[in-house]
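Structural overview for review
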Amino acid sequence: MKNIGIDIVENERFSKMINDEKKISRILSNLEVKIYSEITSDKRKIEYLASRFCAKEAVIKAINKEGLSFSYKDISILNDDVGAPYVEFSFEVDFKLLISISHSNNSSVCVAVMY
Ligand SMILES: CC(C)(COP(=O)(O)OP(=O)(O)OC[C@H]1O[C@@H](n2cnc3c(N)ncnc32)[C@H](O)[C@@H]1OP(=O)(O)O)[C@@H](O)C(=O)NCCC(=O)NCCS
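The notes below deal with the structure included here. (Residues numbered from 1 in each chain as written. Predicted model: local features only at pLDDT ≥ 70, side-chain atom pairs only at ≥ 80, totals over all residues. Heavy atoms only, no water.)

To continue, consider the side chain of K56. Summarising the element assignment, K56 is placed in helix α3 (residues 42–63). Within the structure, the side chain of K56 is placed 3.1 Å from the backbone oxygen of Y72, a separation counted as a polar contact. When neighbours within four sequence positions are excluded, K56 is seen to be in contact with I27, L28, S29, E32, Y72, I75 and I77. (Helix = DSSP H or I, 4+ residues; strand = E, 2+ residues; numbered from the N terminus. Polar contact = N/O pair within 3.5 Å; in protein donor to acceptor, adjacent residues only side chain to side chain. Contact = heavy atoms within 4.5 Å.)

A separate point is the site of the ligand. In the vicinity of the ligand, the contacting residues are R44, S51, R52, N79, V82, G83, A84, P85, I101, S102 and H103. At 3.1 Å, a side-chain N or O of R44 approaches an oxygen atom of the ligand. One nitrogen or oxygen atom from the main chain of H103 is found 2.8 Å from an oxygen atom belonging to the ligand. When the free accessible area of the ligand is taken as 900 Å², the share hidden by the protein chains comes to 37%. Among the secondary structure elements, those contributing two or more residues to the shell around the ligand are α3 and β4 (97–103). Its residues assigned to classes, the shell around the ligand shows four nonpolar, five polar and two charged. (Near = heavy atom within 4 Å. Areas by Shrake-Rupley, 256 points an atom, 1.4 Å probe, with all protein chains shown as cover. Nonpolar A, V, L, I, M, F, W, Y, C, P; charged D, E, K, R; others polar.)

The relation between two aromatic rings is expressed through the spacing of the ring centres and the mutual angle of the planes. If you walk through the whole model with that rule in mind, you get six aromatic pairs. A centroid spacing of 5.7 Å and a plane angle of 85° characterise the contact between F89 and F95, whose relative ring orientation is edge-to-face. As far as burial versus exposure is concerned, F89 and F95 are alike and both buried. Through a chain of ring-to-ring contacts, the aromatic side chains of F70, F89, F91 and F95 assemble into a single cluster. (Phe/Tyr/Trp six-rings, centres within 6.5 Å; stacked < 30°, edge-to-face > 60°. Buried < 20%, exposed > 50% of the residue type's maximum accessible area, 1.4 Å probe, protein only.)

Right, dumping it as structure tokens:
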């Protein structure tokens, strides 16, 4: 069955955790933590955390009828060679997902479509 999810977050909510490894590791997968560790701008760190959290919430809405049990860390929101986002799971899934992310100065928004 197809499904869709959307989420929006205030980036400010993540500004206090950019150096909090424990909190970061609850949101980001190991691969995302590696990508995060290479970001030098605090603004992008906040945006990265906010948008990855937002994207995962949208993904969860899109797949929540699948009856899977997992944590944020099991989902990686990555970017292809032209910057387009895609989703990887730490386990095998039998569906596909499309996602799209946008940022303003204050917010991040993401839509996820499962098909
Ligand atoms: C992709 C693009 C539309 C982003 O627009 P923007 O208004 O600057 O930024 P937004 O905040 O709305 O979106 C940013 C998100 O877009 C997504 N994105 C980036 N490149 C993308 C692409 N090629 N396709 C789809 N999504 C893309 C990413 O998820 C990014 O967020 P993330 O880096 O945190 O993952 C813009 O950078 C663009 O046009 N890039 C292509 C440049 C290009 O090919 N130009 C050729 C002449 S048109």
